[in-house]
Amino acid sequence: MTSRAHTAPLPRACILLALAAAAGLAAPALALPGDDECCHHTARWNAIVAPGERLPVGFDPATGRDTRNYPRDRIADYRHMHLAIDIADMNDPRFAAVQTLHLTPISRPLAELSLDARLLTITGVACSDRQTTFSHDGRRLTIRFDPPIPPGTEAALRTSYEATDPPMGLIWTPESPEWPGRPAQLHTQGQPEDNCYWFPCHDFPNERLSTELSVTAPEGFQVSANGRLGETPAPASTGGKGVTWRWVQEKPHVSYLVSLVVGKFDVVDVATRGAGNSRLSMPVYVPPGRGPDVARTYGRTPEMIRLFERLTGAAYPWDRYAQLVVWNFAPGGMENTSATTMYDTAIFSEQGLADSDLEGLISHELAHQWFGDLLTCNSWEHIWLNEGFATYFTNLWLERREKDVRTGQDGYYAGVQGNFDSVTGADKPEAPFQAGMVSKVYADPWDVFRRPANPYPKGAAILHMLRRKLGDDVFFRALAVYTHRHQLQTVETADFRKALEEVSGESLELFFKQWCHRPGVPSATIQLVWDESTRELAVNLEQTQPIDGANPAFVFDLPILIHSSTGRSTRALTLPVRGRSASARFTLDAAPAIAAVDPELTVLGRFTIAQPLRQWLTQLERGPTLASRIQAARALGEDDTAASIPALLRAAGDTRAHAKLSAGAIESLRKRSATPTLIELSAAAGRMRPDTRIALVEALSALAAAEGAPPEDRQRLATLIAAHAGPGEPSFRTRAAALRGLGRLKDPEHLTLLLAAARTESQHDAVRQGALDALADLDHPEGLSVALRCAQPGTLNRTRATAINAAARLAHHDKDVAYTALASLLSDRERRTWEAAGEALVTLGDPRAAEAFQKLAESKRDDRDKKKATAWLERLTARAEK
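About the thresholds
Residues numbered from 1 in each chain as written. Predicted model: local features only at pLDDT ≥ 70, side-chain atom pairs only at ≥ 80, totals over all residues. Heavy atoms only, no water. Helix = DSSP H or I, 4+ residues; strand = E, 2+ residues; numbered from the N terminus. Rg over C-alpha atoms; globule rule 2.2 N^0.38 Å. Buried < 20%, exposed > 50% of the residue type's maximum accessible area, 1.4 Å probe, protein only. Areas by Shrake-Rupley, 256 points an atom, 1.4 Å probe, with all protein chains shown as cover. Axes fitted to C-alpha atoms, helices over the stretch in contact; angles between N-to-C directions. Left-handed = near helix turned anticlockwise from the far one by under 90°. Contact = heavy atoms within 4.5 Å. Nonpolar A, V, L, I, M, F, W, Y, C, P; charged D, E, K, R; others polar. Phe/Tyr/Trp six-rings, centres within 6.5 Å; stacked < 30°, edge-to-face > 60°. Lys NZ or Arg CZ within 6 Å of the ring centre and 35° of its normal. Salt bridge = Lys/Arg side-chain N within 4 Å of Asp/Glu carboxyl O. Pairing = 2+ DSSP bridges. Disulfide = S-S within 2.5 Å. Polar contact = N/O pair within 3.5 Å; in protein donor to acceptor, adjacent residues only side chain to side chain. pLDDT = per-residue confidence, 0-100.

J.: Looking at this structure, I do not really get the overall build of the protein chain. What am I missing?
T.: In terms of regular secondary structure, the protein chain is built from 27 helices and 33 strands. For the protein chain, the C-alpha radius of gyration of 28 Å lies close to 29 Å, the compact-globule estimate for 882 residues. Dimensions along the principal axes, computed over C-alpha positions, put the protein chain at roughly 90 × 65 × 65 Å. The burial tally for the protein chain puts 59% of its 882 residues in the buried class. Accessible area of the protein chain: about 33900 Å², with a carbon and sulfur share of 50%.

J.: Quick question: what am I supposed to make of the environment of Val 267 here?
T.: Relative to the elements of secondary structure, Val 267 occurs in strand S20 (residues 266-269). Taking the relative accessible area as the measure of exposure, Val 267 reaches 39% and is therefore partly exposed. Separated by 288 residues in sequence, Val 267 and Val 555 place their C-alpha atoms 52 Å apart.

J.: Would you mind going over the packing of helix H6 (residues 384-401) against helix H8 (residues 455-470) with me for this structure?
T.: When two helices pack together, you describe them by how their axes are tilted relative to each other and by the distance separating the axes. Contact pair H6 / H8: the axes reach a minimum separation of 7 Å and the direction vectors enclose 65 degrees. H8 is crossed by H6, and the crossing has right-handed handedness. Touching Trp 384, Glu 387, Gly 388, Phe 389, Thr 391, Tyr 392, Asn 395, Leu 396 and Glu 399 of H6 are Pro 455, Tyr 456, Gly 459, Ala 460, Ile 462, Leu 463, His 464 and Arg 467, all from H8. In terms of residue class, the contact of H6 with H8 is built from 9 nonpolar, 5 polar and 3 charged.

J.: What exactly am I supposed to notice about the packing of aromatic side chains here?
T.: Under the defined criterion, the tally for this structure stands at 30 aromatic pairs. An angle of 40 degrees between the planes, with centres 6.3 Å apart, marks the rings of Phe 556 and Phe 607 as tilted. Taken together, the positions of Phe 556 in strand S29 (residues 556-564) and Phe 607 in strand S33 (residues 606-610) put the pair 51 residues apart, joining distant regions of the chain. For Phe 556, a relative accessible area of 6% translates into the label buried. Owing to a relative accessible area of 21%, Phe 607 belongs among the partly exposed residues under this scheme. Its guanidinium or amino end placed over the ring of Trp 318, Lys 251 lies 5.9 Å from that ring's centre, counting from NZ or CZ. If you follow Lys 264 out to its NZ or CZ, it ends over the ring of Phe 221, 4.8 Å from the centre.

J.: Before we go on, may I ask you to explain the pattern of salt bridges in this structure?
T.: It is possible for side chains bearing opposite charge to pair when their charged atoms get close. Summed over all chains, the structure comprises 62 salt bridges. A salt bridge links Asp 531 to Arg 585; its shortest N-O distance comes to 3.5 Å. One end of the pair, Asp 531, is in strand S27 (residues 523-531); the other, Arg 585, is in strand S31 (residues 581-587), with 54 residues separating them in the sequence. For Asp 531, a relative accessible area of 26% translates into the label partly exposed. On the basis of relative accessibility, which here comes to 46%, the residue Arg 585 falls in the partly exposed class. With a shortest N-O distance of 2.4 Å, Lys 671 and Glu 638 are connected by a salt bridge. Within this pair, whereas Lys 671 is found in helix H15 (residues 659-671), its partner Glu 638 is found in the loop between helix H13 (626-635) and helix H14 (645-653), the two being separated by 33 residues in sequence. On the basis of relative accessible area, Glu 638 is assigned to the exposed category, the value being 58%. A single network of salt bridges, built from pairs that share partners, joins Arg 118, Arg 139, Asp 194, Asp 862, Asp 863 and Arg 864.

J.: Is there a simple way to think about the environment of Ile 106 in this case?
T.: Relative to the helices and strands, Ile 106 resides in the loop between strand S6 (94-105) and strand S7 (110-116). Judged by relative accessible area, which is 40%, Ile 106 ranks as partly exposed. Contact partners of Ile 106, with chain neighbours within four places excluded, come to Arg 74, Ile 75, Ala 76, Asp 77 and Pro 151.

J.: Help me understand helix H22 (residues 781-790), please; the structure alone is not making it clear to me.
T.: An α-helical segment advances 3.6 residues per turn. Residues three or four places apart therefore align on the same side. Of the residues making up H22, those classed as buried are Gly 783, Leu 784, Val 786, Ala 787, Leu 788 and Cys 790. If you follow the buried residues of H22, they end up packed against helix H20 (751-757), helix H21 (766-778), helix H23 (797-810) and helix H24 (815-824).

J.: Sorry, what's going on with the sheet that holds strand S12 (residues 170-173) here?
T.: The strands making up a sheet associate through hydrogen bonds between their backbones, and the pairing can be parallel or antiparallel. Reading across from one edge, S12-S13-S19-S15 is the order of the 4 strands in this open sheet, with antiparallel pairing throughout. Among the strands making up the open sheet, the edge pair consists of S12 and strand S15 (222-225). Going from strand to strand, the sheet's axes swing by 10 degrees on average, the running direction of each strand aside. Looking at chain direction, strand S13 (residues 185-188) and strand S19 (residues 260-263) are connected through 2 bridges and run antiparallel. Looking at S19, one finds that His 187 is bridged to Val 261.

J.: Explanation requested: the state of the cysteines in the structure shown.
T.: For the coordinates displayed, the defined rule picks out 0 disulfides. Among the cysteines around Cys 201, which has no disulfide bond, Cys 196 carries the closest sulfur, lying 5.4 Å off. According to the relative accessible area criterion, Cys 201 is buried, its value standing at 3%.

J.: Is there a simple way to think about the side chain of Thr 391 in this case?
T.: Locating Thr 391 in the fold gives a position in helix H6. When its relative accessible area of 12% is taken as the criterion, Thr 391 is described as buried. Within the structure, Thr 391 has its side chain in polar contact with the backbone oxygen of Glu 387 (distance 2.8 Å).

J.: Would you explain the confidence of the model for the protein chain in this entry?
T.: The predicted coordinates of low-pLDDT regions are not to be read in fine detail. Averaged over all residues, the pLDDT of the protein chain is 92; the fraction at 70 or higher stands at 92%. Note on residues 273-277: pLDDT under 50 across the span, and 7 contacts to partners over four residues away in sequence or across chains.

J.: Explanation requested: the sheet that holds strand S32 (residues 592-597) in the structure shown.
T.: With antiparallel pairing, 3 strands are arranged side by side in an open sheet as S30-S29-S32. The sheet terminates laterally at strand S30 (570-577) and S32, the two strands that pair on one side only. Looking at each pair of strands side by side, their axes are set apart by 25 degrees on average, direction ignored. Bridge count for S29 against S30 is 8 bridges, and the pairing is antiparallel. Directly across from Pro 559, in S30, lies its bridge partner Thr 574.

J.: Explanation requested: the side chain of Thr 341 in the structure shown.
T.: On the secondary structure map, Thr 341 appears in strand S24 (residues 339-342). A polar contact is formed between the side chain of Thr 341 and the side chain of Asn 336, at a distance of 3.0 Å. Setting aside anything within four residues of it in sequence, one finds Thr 341 in contact with Ser 259, Leu 324, Val 326, Phe 329, Gly 332, Gly 333, Met 334 and Asn 336.

Right, here's the structure in full:
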């Protein structure tokens, strides 16, 4: 899955999620909390913590309780679920259902079974050939069998129930006068453990079952679920109104991947365009009227399927591949088996596609059909086997799609560099206080998706390192072995490691302990010094991150690629790093022209490299990989001489260069406060790709807003920024960046432009969101009314959250109006809206919100929502007491 936040890349979407969102450990000498084998180490960690310091993770010192999370027991094998759902009215968010769950006790007679069933109204439970009684506490359905079901004996458990407007798991969007003409719709979102809000289940990923959904919906609505359509939709057999759709998923999958979408759509099958497997249906469901945009947005899906089949050695595993764009979707995308759900605006107009595309999210969610669906993590600690793999396969798609004439891999390296940047900025080596990527330490399943050691980028970075360590042939053969061996099973990290070891013959336990289980990445200073008298290159490395018994020095081999100054030779060197320090001297035939440290990104770390300026300049111009050229561009941002400015300007303005390199050069010019150079570069902005133009606008904005900027520079920069903030700017994202830049200048002269932008429609509502952020920065009274207007129903849900945040910052202009408007949104149907309103009210600190939070807690049916409202009340009270 990818989370997406337009207001802030999944990722995955599932950002795209975002679009962002989206969004990724054990020392060899001492196991860390969270390792499978170290349940007894909490006393050891408690002993080494001094009074007043942070306590170890995974341990409650008050009770002595181990707070780590382990997979649930599987006392029964769930074989198949048939779920019959009857929806009488799509504007009345409720349905009646009968579930038949076929199960077999595994090892003991089954006298009692407990299923997750949140907020369902259970009306009856029966099991063939035996008496049953049940109880339900609003969260768990407990069923007792008399006599018990013997091991190995299949039983059919029939449960009748009703679901009424679930707060999570199944999101219902009725018709609304604020959205004239928009038909009612519902969609599900099961990950991580929320499908139990609409059917009873073992809501944990360590159990698989086949599913069959028979859904009766009002005539005129379409129903999508997992698998294949079992028969032509037909009038309801019960005699009631409606049409029944029967969807069959014959291969087993886990509960959180069960999908249901009901709505009205244009449906376009992109497989009919002549590419890909003609036998595989690839329908794309989009809002009515957007059918003509499907091909331009999703048309390369068949190519992606062919590529992923080749790389995994496994044919696409399901009966179809559907992609469905739905209203009010919280993440960016969700990889339900055979039927991915996409966020509200995941369909591009022609202008929108000229600005960006959706192929990062599309490829991510598609890759999940293998890694996440065909093979599923056995527990949430191993989520990187889903998300890291899907993130990495986007890089593999970029490698295939964006062939650069110089290296052939610029698109791939841009993706990997992005993964590295995401991890190195957040993942700190602070065991045992910070959990590693693979760790049982988490309070809520969602926590594993947003660790500092984030499974999306860190997992992808680890896969890249393994590919470089083992070589393409071994890596992809091992990937095929892993995929084939564990298909239709749940997997743990050790399963992948063992497949790699089997094919490669290498011992990889240290690698996995260091990069997967342990938190953090190495930081190091590296010095490269050429000795002309001995014709030797001296390389000295010092790891600078905290090093102690819980966080020993990282172990790795550091590659250095030498291009001779004579131009006649290239040599690959390796510096083995086995402790805090490492050094070596290498004899060369001539002084290096380029000494590229780790040009293929084989070591995930933060490196500060000292070498002569001339080598950085040469590396920027003709480094062996995109990553090496980006490294040079960033290093030159620290140079304090004028000699590097022309080289950075050339890199920034090179329209043939990858946008990530151009952006890196622009950022270095910004760090150097090279205002005249960036102004000169602005003359070529019209020829730049949007990503480069965005970087330029952001650099201009930062310089203009900098304290002490000369008034004449500030005015000229403001004029350049404003040129990109108006309707003449073809890139919506660039225009949004420019609007935010104008807001940072806090000049009322730009108010009219910002107000007009707040009324502008654009892809993902990017322009309006940029205007709202800018109005909040500008801090003009008129901005409050605009923000409150955009916070109301009838605006895209992500924009509403942006507007609410802006209103909180502008509330001091009229506290009563702001409070009344924001408090009214606590009862909104859209979760993103009422959660943003709650946070905004805490920020306001208005004591009247205490009563509103109390009423909200009382009105919420779900204990997690009650807890959220109560936490707001506690924060508000604490704020008042200060």
